[in-house]
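A look at the structure
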Amino acid sequence: MKKKKGLMLSSVFATALVLAACGGDDETTTEKPAENTDGTTEENTNDGGSTAESPTLPSEVTNDGEAIEGGTLNFALVTDSPFQGVLSWELYEDGYDADILGFMTNEIFETDGDFLVTDEGIAKLDVDADNNKVTITIQHDDVKWSDGQPLTVEDIIYAYEIIGHPDYTGIRYDADFENIIGAAEYKAGTADTISGIKKIDDKTVEISMTKVSPAIYSLGDGLWAYAVPKHQLKDIPVKDLISSEAVRKSPVTLGPFKLDKLVDGESVQYAANEHYWKGKPKLDKIVLQVVPSSSIGEALRTGKYDMASSFPTNQYDGVKDLENLTILARPELAYSYLGFKLGKWDAAAGTAGLNITDENAKMNDVKLRQAVAYAMDIEQVTERFYQGLRSRATSLIPPAFASFHDNTLEGFNYDPEKAKALLDEAGYKDVDGDGIREDKNGEKFEIRMAGMSGSDTDEAIVEYYRQNWKDVGLDVQLTTGRLIEFNSFYDKVQADDPEIDMFMAAWGTGTNPSPMGLYGEASSFNYSRFVTPELQTLLADIDSKEAVDADYRADAFRKWEEYMFEQATTIPTYFRTEIVPVNKRVKNYNVDYSNATQYHEIELVADSPIK
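Description of the structure in this document. (Residues numbered from 1 in each chain as written. Predicted model: local features only at pLDDT ≥ 70, side-chain atom pairs only at ≥ 80, totals over all residues. Heavy atoms only, no water.)

Some details on the overall build of the chain
Note the threshold: Under the scheme used here, helices are H or I runs from DSSP no shorter than 4 residues and strands are E runs no shorter than 2 residues, and both carry numbers assigned from the N terminus. Two things to know: the radius of gyration comes from C-alpha atoms, and the globule rule equals 2.2 Å times the number of residues to the power 0.38. Exposed residues in this analysis have more than 50% of their type's maximum accessible area, buried residues have under 20%, and partly exposed residues fall in between, with area computed by a 1.4 Å probe over protein chains only. A 1.4 Å probe and the Shrake-Rupley method give the accessible areas. Residues count as covered only by the protein chains that appear here. Charge counting treats Lys and Arg as positive and Asp and Glu as negative, with His and both chain ends excluded. A charge is said to be at NZ when it belongs to Lys, at CZ for Arg, at CG for Asp and at CD for Glu.
Within the chain, the regular secondary structure consists of 15 helices and 20 strands. The globule rule puts the C-alpha radius of gyration for 611 residues at 25 Å, and the 23 Å found for the chain is close to it. C-alpha extents for the chain along the principal axes are approximately 75 × 60 × 45 Å. Expressed as a percentage of the 611 residues in the chain, the buried residues total 62%. For the chain, the exposed surface amounts to about 22000 Å²; the carbon and sulfur share of it is 45%. One finds the centroid of the 58 positive side-chain charges in the chain at a distance of 3 Å from the centroid of its 107 negative side-chain charges.

Below is the structure:
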């Protein structure tokens, strides 16, 4: 039997419909959503690029010794900022909160190694594509919340009612959600219910949609993968949920663990959920603490922690030979990228906001954007800083999606001469002979780039790229004059700060490869704000009824990727390998997507981490 993705995947498994935004390039995914349901979030790379040899690492480890009874797992949340502590799948916005939520997930579906819904979860999914309907059925008789209250079909429905509510303050309401019939009217306040959602009986709900596409099996098309404890939340106004005790301090869970103690921004202690539907976890407790990226290697070496939410790739050499750790690895459901600001998000447009492209935006010149991309010596960075655990990305679909990743695409190779030629063609020329190009009118031309602070090498990497751009005559200065702290970075990017012309970030894609949630006209995560009729047609084709045919969908992905390459509004920079250090007191641990160890299965062979 294939198991649902477990530990260490929480940051990208926010549900197949939520895309995750990642932290710095030296970190693993986290959340950010876009996801389609997998968790669109902001979180804290084509093998054909890197010249460094990627290490061969296992995905599973088994350690000798008899398992102790219970015990406490020590878990490091690797971040250089305090976590926000929005402990709701419907409301959280970054990968760190997703990591915290992962131990007490309210997910009702399970997926297989191809990230497709199975019948092994709390609920099963039946799809009637001919009539554009899906049916969700609770298929276990005794599923309870961590407070002992039974799970009901109303808990599934109420999650949709929160996201669709006129006073909803989160980011999960998008064009995908509007695929549910009646969602737009409910959001607008002209209807008291979502007409397309109907309770059939105490265990069954039917959802009618405008379309049902292949994305439905990856938890797309507006399908939501979580239930909420309606008995706990129903008396709290939706607009107040994000600040409520129920979300911040005492969330009720369907997952293997429940919150026991919390220190804001610093630590969380979990206790085993005795009501967990798969059986009480083998661990008694999990203690999660924030650890800066610069300190995590030493903390693992000295046995302070058993595992970490992520591990900076550029610190791999410091832990690869430690005797108290086993280093596991897997391809990451993520890619890093350079994005260009081409417009604004208009929250008042449409039902819940639209991206508006500005034809006069500074970076709205395709040859300029292509030149910026060709000027980047990405292979040199992957070799020098990432020990072969990053490779130059050639598309916006990570290799983990084997059916849809096209390894024949070449992307933007390092070609400074081509960059110079493109700039000349576009009219950006060095008028005064100082080596820096002026704009098309002969005026001073400066590009302001936002980058995210993180590890010690982040500044060195950014400065290397700035030199690359200077070599072709482009003056690139940092927004605010320095790298920006994670939360502030995404606040500025989301708000379309006028001081940002381009930005370096990363997406955790979640388990749904559909790019609609990141690049659609109504997606708030379309941070470049690039919209064209052709782009919308290409995105719609990926999730069309015709795309039920795998070959058709693969071709639709290819056409979209080629268009995005031509337009160069989002430049993929790295595909990423996620490395997972595990202390040798953890008895069995598997990170393979098709058979990942789940939290309730973890056992320990010693009372404290091995040093």
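There is more to say after this.
A word on the sheet that holds strand β3 (residues 72–78)
Formally: A pair of strands is considered paired only if DSSP assigns at least 2 bridges between the two. Contact criterion: two residues are considered in contact whenever any of their non-hydrogen atoms come within 4.5 Å of each other. Convention adopted: a line fitted to C-alpha atoms gives each axis, helices being fitted over their contacting stretch, and angles between N-to-C directions are expressed from 0 to 180 degrees.
Judged by pairing direction, the sheet is mixed, and its five strands sit side by side in the order β8-β9-β10-β3-β11 without closing on themselves. Each edge of the open sheet is held by one strand with a lone partner, namely β8 (257–263) and β11 (307–308). Sheet analysis places β3 next to strand β10 (residues 285–291), joined by seven bridges and oriented parallel. When the bridges of β10 are listed, L73 appears paired with I286. In this fold helix α1 (residues 95–102) packs onto β3, β9 (267–272) and β10, with an angle of close to 170° to the strand it touches most, β3.

A look at the environment of R248
What counts here: Counting of polar contacts relies on pairs of N or O atoms within 3.5 Å, with two restrictions inside protein: one atom must be capable of donating a hydrogen and the other of accepting it, and residues adjacent in sequence are counted only when both atoms are side-chain atoms.
Mapped onto the elements, R248 comes out in helix α5 (residues 245–248). Among the residues examined, R248 registers a relative accessible area of 28% and is labelled partly exposed. Separated by 161 residues in the primary sequence, R248 and L87 have C-alpha atoms spaced 5.9 Å apart. Each residue touching R248, except ones within four places of it in the same chain, is listed here: Q84, G85, V86, L87, I242, S243 and L262. One polar contact links the side chain of R248 to the main-chain carbonyl oxygen of Q84, over a distance of 2.6 Å. A polar contact of 3.4 Å, which involves the side chain of R248, links it to the backbone oxygen of G85.

Brief notes about the packing of helix α8 (residues 366–374) against helix α15 (residues 550–567)
Operational definition: If an angle is under 35 degrees, it is roughly parallel; if it is over 145, roughly antiparallel; if it lies from 65 to 115, roughly perpendicular; otherwise it is oblique. Three classes are used: nonpolar for Ala, Val, Leu, Ile, Met, Phe, Trp, Tyr, Cys and Pro, charged for Asp, Glu, Lys and Arg, and polar for all others, with Gly counted as polar.
It is at 8 Å that the axes of α8 and α15 come closest, and there the two elements cross at 95°. Classified by the angle their axes make, α8 and α15 are roughly perpendicular. Of the residues in α15, those touching α8 at V366, R369, Q370 and Y374 are F565, E566 and Q567. Considering only residue class, the contact of α8 with α15 consists of three nonpolar, two polar and two charged.

Notes on the pairing of strand β4 (residues 123–128)
Bridge count for β4 against strand β5 (residues 133–138) is six bridges, and the pairing is antiparallel. Looking at β5, one finds that V127 is bridged to V134. Hairpin geometry of β4 and β5 is characterised by an intervening segment of four residues between the two adjacent antiparallel strands and by a positive phi of about 55° at N132.

Points about unusual backbone geometry
Despite not being glycine, D496 shows a phi value in the positive range, around 55°. Inspection of the secondary structure assignment puts D496 in the loop between α12 (486–494) and β18 (502–508). Of note in the backbone geometry, A568 takes a positive phi value of approximately 55° without being a glycine.

Digging into the packing of aromatic side chains
Formally: The rule is short: rings of Phe, Tyr and Trp, with Trp giving its six-membered ring, pair when the centres are within 6.5 Å, and they are stacked under 30 degrees, edge-to-face over 60, tilted in between. Two limits define a charge over a ring: the Lys NZ or Arg CZ must be within 6 Å of the ring centre, and within 35 degrees of the ring normal.
Under the definition given, this model contains 31 aromatic pairs. Both rings, one in Y173 and one in F177, keep their centres 5.4 Å apart while their planes meet at 50°; by these two values the pair is tilted. With respect to class, Y173 is no different from F177; both count as buried. Taken together, the ring pairs connect Y96, Y335, Y337, F486, F489, Y490, F503, W507, F525 and Y527 into an aromatic cluster. The ring of Y173 has K187 sitting right over it, with the charged end atom 5.1 Å from the ring centre. Sitting over the ring of Y386, R390 keeps its end group 5.3 Å from the ring centre.

Remarks on the environment of A183
Here A183 is to be found in helix α3 (residues 183–188). In this structure the C-alpha to C-alpha distance between A183 and S195, which are twelve residues apart in sequence, comes to 7.5 Å. Contacts of A183, omitting those with residues within four sequence positions, involve Y173, F177, E178 and I194.

Overview of the nonpolar core
The condition is simple: To qualify as a nonpolar core, a set must consist of buried Ala, Val, Leu, Ile, Met, Phe, Trp, Tyr and Cys residues joined through side-chain atoms within 4.5 Å.
By size, the foremost hydrophobic cluster in this structure holds 159 residues, and its most contacted members are F109, I136, Y160, L338, W469, W560 and Y589. By residue number, the principal contributor to this core is helix α2 (residues 153–164), which donates eight residues. With sequence-adjacent residues up to four places away left out, W560 is seen in contact with L396, I397, P515, Y519, L535, L538, L539 and I542. Formed by 17 residues, the second largest nonpolar core is a distinct cluster that contains A76, Y305, A329 and I579.

What about the packing of helix α9 (residues 378–385) against helix α11 (residues 458–471)?
Rule in force here: For any helix crossing, the convention is left-handed if the near helix is rotated counterclockwise from the far helix by under a right angle, and right-handed if that rotation is clockwise.
Their axes nearest at 11 Å, the elements α9 and α11 cross at an angle of 155°. Classed by the angle they form, the pair α9 and α11 counts as roughly antiparallel. Handedness of the α9/α11 crossing: right-handed. Residues I378, Q380, V381 and F385 of α9 form the contact with α11, whose participating residues are A460, I461, Y464 and Y465. Taken together, the residues of the contact of α9 with α11 sort by class into seven nonpolar, one polar and no charged.

Observations concerning the sheet that holds strand β6 (residues 197–201)
The antiparallel open sheet is built from four strands, whose spatial order is β4-β5-β7-β6. Edge positions in the open sheet fall to β4 and β6, since each of these has one partner strand only. Across the sheet, the mean angle separating the axes of adjacent strands is 20° when strand polarity is ignored.

A look at the pairing of β9
Counting buried residues along β9, six of its six residues qualify, which places the element largely inside the surrounding structure. Both faces of β9 are covered, namely the face carrying S267, Q269 and A271 and the face carrying V268, Y270 and A272. When β8 meets β9, the two strands line up antiparallel, connected through six bridges. The residue bridging L259 from the neighbouring strand is Y270, located in β9. Between the antiparallel neighbours β8 and β9 lie three residues, among them G265 with a positive phi of about 75°.

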